[in-house]
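Each chain, letter by letter, is given below.
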Amino acid sequence: MVQGTMSGAGKSLVVAGLCRILRQDGVKVCPFKSQNMALNSYVTKEGLEMGRAQVMQAEAAKAEPSVYMNPILLKPTDDQGSQVIVNGKSIGNMRARDYFKYKKTLIPDIMAAIDKLKEEYEVIIIEGAGSPAEINLKENDIVNMGMAALVDAPVLLVGDIDRGGVFAQLLGTLELLESDERERVKGLIVNKFRGDKTILDPGIEMLEERGRVPVAGVLPYIKLNLEDEDSLTDRFDKRRRNLINIGVIRLPRISNFTDFDVFEQVDSTGVEYITRPNELKNVDLLIIPGSKNTIDDMKWLKETGLESAVKKYAAKGGPVIGICGGYQMLGYEISDPKGVEKGGSIEGLGLLPLTTLLKEEKHLEQVSGSIVAAGGIFKGLSGKSYKGYEIHMGETTAVEDDLLRVQAGNNGKAETEEEKEAPLLEFTPNGSGYTKGNIYGTYVHGIFDDAQIVKTIVNEIAMKKGVSLELDEVIDYAELKDKEYDKLAAMMREYMNMDMVYELLGMKERR
């Protein structure tokens with residue numbers, strides 16, 4: 001098991017690296033996290049929902065993602081509650097205090113998932129959550145030392161030196177553990193180190209002396225094009241002008257922002273997360289991402305002035321793409337008569353003649369196909385193939401333009417002659433997306449993962465700006481990530497004591 005001194009210490013990547021190393025060495029390995037809190041999720045081939053962090057780790061292990069790798073997923077709906085997903089299906093929303101009392105009843109589900117994985121894999125690498133020394137959360141713990149005890153797992157403890165105080169992190173965590181918990185910690189990892197390691201060596205010696213636990217590795221800071229944990233990503237903070245700028249609105253309940261990581265491999269193209277209207281002025285493509293609470297996030301767009309800014313951007317011909325919740329916001333109205341989110345209804349952006357009805361049953365499905373049609377700047381997307389998945393609680397329906405404009409008033413009025421003349425087209429099949437002029441919406445997550453789609457989007461923007469880009473090196477996101485897992489594994493082999501890891505696994509003879 002890999003635990004951390006805090007959230008963001010690097011547990012997820014360490015687990016992914018270990019999974020790739022073991023897989024390279026011929027070991028059948030998979031990841032596991034009993035409980036994950038995240039808004040980035042994925043749909044398995046069985047149509048079940050799980051956290052993307054375990055999907056990333058499964059990819060590193062070259063294993064088919066399964067909800068058994070993440071039997072409990074918590075998707076925050078607001079600051080006090082979450083949607084609780086068990087074995088891939090929602091069992092409803094719970095307040096934090098109610099879930100704290102309830103979670104111990106899920107231990108049978110956790111153990112059943114472990115037992116299923118044991119049938120197929122030689123090694124399971126378990127990831128913890130947050131810190132095992134969070135005293136207020138130790139009662140009925142099912143994700144850190146409580147999880148380690150359930151399966152009698154040795155623990156590697158990761159600290160982040162890049163944020164400072166790594167010795168206090170590691171020693172303080174050990175000090176706050178119970179004696180039996182501390183006994184489980186068999187190795188310490190200093191993560192994200194920058195500089196000359198010889199300068200750090202005296203500190204490592206003192207750490208081992210005071211902690212009475214060996215250091216299993218000092219891992220250098222490494223830049224990888226791999227998915228980040230939700231709120232802890234540094235992607236949200238990037239502010240750099242590029243030749244081509246893709247703006248993604250950072251909704252308060254943004255979900256599956258991993259959809260846009262693929263663009264970061266393109267030279268001279270940057271992805272920037274937007275929270276203020278004035279940040280749209282240099283954007284070449286605006287994306288409205290998924291949301292766990294679409295109505296509240298639509299309210300936020302109105303309150304911040306971004307609603308008006310997006311409409312002005314679109315009226316000037318700026319291309320806008322909406323994904324999932326962002327797609328719903330492109331329409332005229334989102335209604336929630338059953339209280340799926342908080343009830344009520346709200347006017348959308350009015351950029352596509354659509355209405356959305358939120359429903360209690362969640363739509364979960366892996367999908368593949370070809371883009372049916374596209375007009376506007378991205379007309380070259382027509383016929384391009386994609387693979388992805390859908391996760392949504394709503395049903396979006398196209399409505400007659402004139403009728404909808406009567407209902408919506410000025411909100412539905414076309415701003416330009418070009419927009420008036422542009423027909424509404426089916427963008428992705430089976431009503432999962434529509435397009436009109438330079439406005440595109442779809443329920444499909446992962447639609448950008450195909451290299452041909454990325455190249456088409458970036459090239460069309462470049463042509464409009466009168467610049468030329470070299471796009472021959474752009475590859476499918478799956479292929480890109482596979483190379484990054486190998487890069488991660490090579491780094492960890494060099495700087496981590498893998499003999500210790502194999503010994504902890506009782507597999508030293510496999511080295």
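What comes next concerns the included structure. Because the structure is predicted, anything quoted here is derived from the model rather than measured.

Let us look at the overall build of the protein chain. For the protein chain, the count of helices and strands is 16 helices and 25 strands. Taken over the C-alpha trace, the protein chain has a radius of gyration of 24 Å; the compact-globule value for 511 residues is 24 Å, and the two agree within 12%. Taking all 511 residues of the protein chain together, 58% fall into the buried category. Expressed as a percentage of contacts within the protein chain between residues at least 6 apart in sequence, the contacts between residues at least 24 apart total 73%.

A word on the packing of helix α1 (residues 11-24) against helix α15 (residues 477-495). Where α1 contacts α15, the two axes come as close as 8 Å, and the packing angle between them is 90 degrees. Here α1 is positioned roughly perpendicular relative to α15, judged by the angle of their axes. Contacts from L13, V14, A16, G17, L18, R20, I21 and Q24 of α1 reach α15 at D482, Y485, D486, L488, A489, M492 and R493. Partitioning the contact of α1 with α15 into residue classes produces 9 nonpolar, 2 polar and 4 charged.

Take helix α14 (residues 451-465) next. Here α14 contains 15 residues, and its C-alpha end-to-end distance of 21 Å stays within 8% of the 21 Å for a straight helix at 1.5 Å per residue. Of the residues making up α14, those classed as buried are A451, I453, V454, T456, I457, V458, E460, I461 and A462. Turning to α14, the residues buried within the fold contact β13 (244-249), β15 (269-274), β16 (285-288), β18 (320-323) and β22 (385-398). Where α14 starts, the residue carrying a side-chain oxygen 2.8 Å from the main-chain nitrogen of Q452 turns out to be D450. Among the residues trailing α14, G466 stands out with phi positive, at a value near 75 degrees.

On to the sheet that holds strand β1 (residues 2-4), then. One open sheet holds the 4 strands; their spatial order is β1-β10-β11-β12, and the pairing between them is parallel. The outermost strands of the open sheet, each flanked by one partner alone, are β1 and β12 (215-220). Strand-to-strand, the axes of this sheet are offset by a mean angle of 25 degrees, without reference to chain direction. Examined bridge by bridge, strand β11 (residues 185-193) and β12 share 4 bridges and lie parallel to one another.

A sheet is described by the order of its strands in space; here 7 strands give the open sequence β15-β13-β16-β18-β25-β24-β23, paired in mixed fashion. With one partner strand each, in any of the chains shown, β15 and β23 (425-426) form the two edges of the open sheet. Direction of pairing for β13 relative to β15: parallel, over a ladder of 6 bridges. If you follow G247 over to β15, its bridge partner there is E272.

This part takes up the side chain of K103. Within the element layout of this structure, K103 appears in the loop between α3 (96-102) and α4 (107-120). Although K103 is buried, it forms no salt bridge, and the closest oppositely charged side chain is D141 at an N-O distance of 5.4 Å. Contacts of K103, omitting those with residues within four sequence positions, involve Q35, L137, E139, N140, D141 and I142.

Turning our attention to the pairing of β18. The alternating pattern of β18 places V320 and G322 on one face and I321 and I323 on the opposite face, and all of these are buried. Here β16 pairs with β18 via 3 bridges, running parallel. Residue pairing for β18: L286 is matched across the bridge by V320. By the bridge criterion, 4 bridges tie β18 to strand β25 (residues 439-442) in an arrangement that is parallel. In the strand pairing of β25, I321 is matched with Y440.

Moving on to a negative patch on the surface. On the surface, a cluster of negative charge is contributed by D267, E470, D472 and E473. Residue placement: E473 occurs in the loop between α14 and α15. Classification of E473 by relative accessible area gives exposed; the value is 67%.

Time to look at the pairing of strand β7 (residues 81-86). With 6 of 6 residues buried, β7 is to be regarded as a mostly interior element. Relative to β7, strand β6 (residues 72-76) is paired through 5 bridges, and the arrangement is antiparallel. In the sheet register, P76 faces β7, and the bridge partner there is S82. If you look at the hairpin formed by β6 and β7, you'll find 4 residues sitting between the two strands. As paired strands, β7 and strand β8 (residues 89-95) are joined by 6 bridges and run antiparallel to one another.

What follows is about unusual backbone geometry. Its identity is not glycine, yet N87 carries a phi of approximately 50 degrees, on the positive side. Within the element layout of this structure, N87 appears in the loop between β7 and β8. With phi around 55 degrees, R212 is a residue other than glycine that occupies positive phi space. Take R212: its relative accessible area is 64%, and that puts it in the exposed class.

The next subject is the packing of aromatic side chains. Per the counting criterion, the structure on display carries 7 aromatic pairs. With centroids separated by 5.6 Å and ring planes inclined at 55 degrees, the aromatic side chains of F427 and Y440 adopt a geometry described as tilted. Of this pair, F427 sits in the loop between β23 and β24 (433-436) while Y440 sits in strand β25, and the two are 13 residues apart along the sequence. Members of the aromatic cluster, each reached through a chain of ring pairs, are F260, F263 and F448. Across from the ring centre of Y121, 5.8 Å away, lies the NZ or CZ of K28, which sits over that ring. The cationic tip of R194 hangs over the ring face of Y221; the distance from NZ or CZ to the ring centre is 3.7 Å.

The rules we used
- Residues numbered from 1 in each chain as written.
- Predicted model: local features only at pLDDT ≥ 70, side-chain atom pairs only at ≥ 80, totals over all residues.
- Heavy atoms only, no water.
- Helix = DSSP H or I, 4+ residues; strand = E, 2+ residues; numbered from the N terminus.
- Rg over C-alpha atoms; globule rule 2.2 N^0.38 Å.
- Buried < 20%, exposed > 50% of the residue type's maximum accessible area, 1.4 Å probe, protein only.
- Contact = heavy atoms within 4.5 Å.
- Axes fitted to C-alpha atoms, helices over the stretch in contact; angles between N-to-C directions.
- Parallel < 35°, antiparallel > 145°, perpendicular 65-115°, else oblique.
- Nonpolar A, V, L, I, M, F, W, Y, C, P; charged D, E, K, R; others polar.
- Expected span 1.5 Å × (residues − 1).
- Polar contact = N/O pair within 3.5 Å; in protein donor to acceptor, adjacent residues only side chain to side chain.
- Pairing = 2+ DSSP bridges.
- Lys, Arg positive; Asp, Glu negative; His and termini not counted.
- Salt bridge = Lys/Arg side-chain N within 4 Å of Asp/Glu carboxyl O.
- Patch = residues over 30% accessible without salt bridge, like charges linked within 9 Å, V, L, I, M, F, W, Y side chains within 5 Å.
- Areas by Shrake-Rupley, 256 points an atom, 1.4 Å probe, with all protein chains shown as cover.
- Charge placed at Lys NZ, Arg CZ, Asp CG, Glu CD.
- Phe/Tyr/Trp six-rings, centres within 6.5 Å; stacked < 30°, edge-to-face > 60°.
- Lys NZ or Arg CZ within 6 Å of the ring centre and 35° of its normal.

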